[in-house]
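A structural walkthrough
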Amino acid sequence: EELQANEQVIYALVAVATALRYSLTSQDLLIASGDASNTALNVVDQLKRRHIITAAAGPEQAFRARHRIIGQLVFDHLQRNQRLADVMAGLALAAATKVNPTSPPSSRPMRFLRSVISHDLFETGQTLIAPRGHRFFPGRSPSLAQIAAAPMILFSQTGQVEPFIAKRFAEA
């Protein structure tokens, strides 16, 4: 809450990824945040210089929260305040850019994508409805391309249009 809005977005992405035991590159953060500007890169750099996030060891400079427990606390806070959905959607988009139909199921990018999209629709009480045998999903297991091409309708348990759903439709 002490961070500015653009810092909160970047930090939420890093913290949730850390809670899921993954780190994010600058490119991942730009994709997930939807902000491919120098401002977003400056925010990442500021958070790093302030030791709010750290650069993980490895060939690519990837970022993590200072500790996985801190990431889990942020994850829980976002979930309690129903702000986790946008973060998970951003992470899913960033993860999806790193996989292709030939990616081995055990590859790190594929495991990250699976962990992000297998989160009961981000624990927000949303339900995905897809009829069995529908033309969008031929066969038993649809491919990522088939899922991406299918229309998706989310229904709230309260019957209200959730802000994150309205925002996504407004952008389309």
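Preceding this section is the structure that the text describes.
Residues numbered from 1 in each chain as written. Predicted model: local features only at pLDDT ≥ 70, side-chain atom pairs only at ≥ 80, totals over all residues. Heavy atoms only, no water.

The next thing to look at is the overall build of the protein chain. Counting secondary structure elements, the protein chain contains eight helices and five strands. Listing every helix and strand of the protein chain by position from the N terminus yields α-β-α-α-β-β-α-α-α-β-α-β-α. The buried share of the protein chain, taken over its 172 residues, is 34%. In the protein chain, the share of contacts with a sequence separation of at least 24, taken over all contacts with a separation of at least 6, comes to 63%. When the accessible area of the protein chain is evaluated, it comes to approximately 10800 Å², of which 55% is carbon and sulfur surface. (Helix = DSSP H or I, 4+ residues; strand = E, 2+ residues; numbered from the N terminus. Buried < 20%, exposed > 50% of the residue type's maximum accessible area, 1.4 Å probe, protein only. Contact = heavy atoms within 4.5 Å. Areas by Shrake-Rupley, 256 points an atom, 1.4 Å probe, with all protein chains shown as cover.)

Of note, Arg-21 is a non-glycine position whose phi angle comes to about 70 degrees, a positive value. Locating Arg-21 in the fold gives a position in the loop between helix 1 (5-19) and strand 1 (24-25).

Glancing now at the packing of helix 4 (residues 68-80) against helix 5 (residues 84-96). It is the contact of helix 4 with helix 5, at a shortest axis distance of 7 Å, that shows an interaxial angle of 120 degrees. Classified by the angle their axes make, helix 4 and helix 5 are oblique. Within the contact between the two elements, helix 4 uses Phe-75, Leu-78 and Gln-79 and helix 5 uses Leu-84, Val-87 and Met-88. A class-by-class count of the residues in the contact of helix 4 with helix 5 yields five nonpolar, one polar and no charged. (Axes fitted to C-alpha atoms, helices over the stretch in contact; angles between N-to-C directions. Parallel < 35°, antiparallel > 145°, perpendicular 65-115°, else oblique. Nonpolar A, V, L, I, M, F, W, Y, C, P; charged D, E, K, R; others polar.)

What follows covers helix 2 (residues 26-33). Looking at helix 2, one finds that the buried residues are Asp-28, Leu-29, Leu-30 and Ala-32. Looking at the buried residues of helix 2, the elements they touch are helix 1, strand 1, helix 3 (38-49), strand 3 (62-65) and helix 5. Positive phi appears at Gly-34, one or two residues downstream of helix 2, with a value of about 75 degrees.

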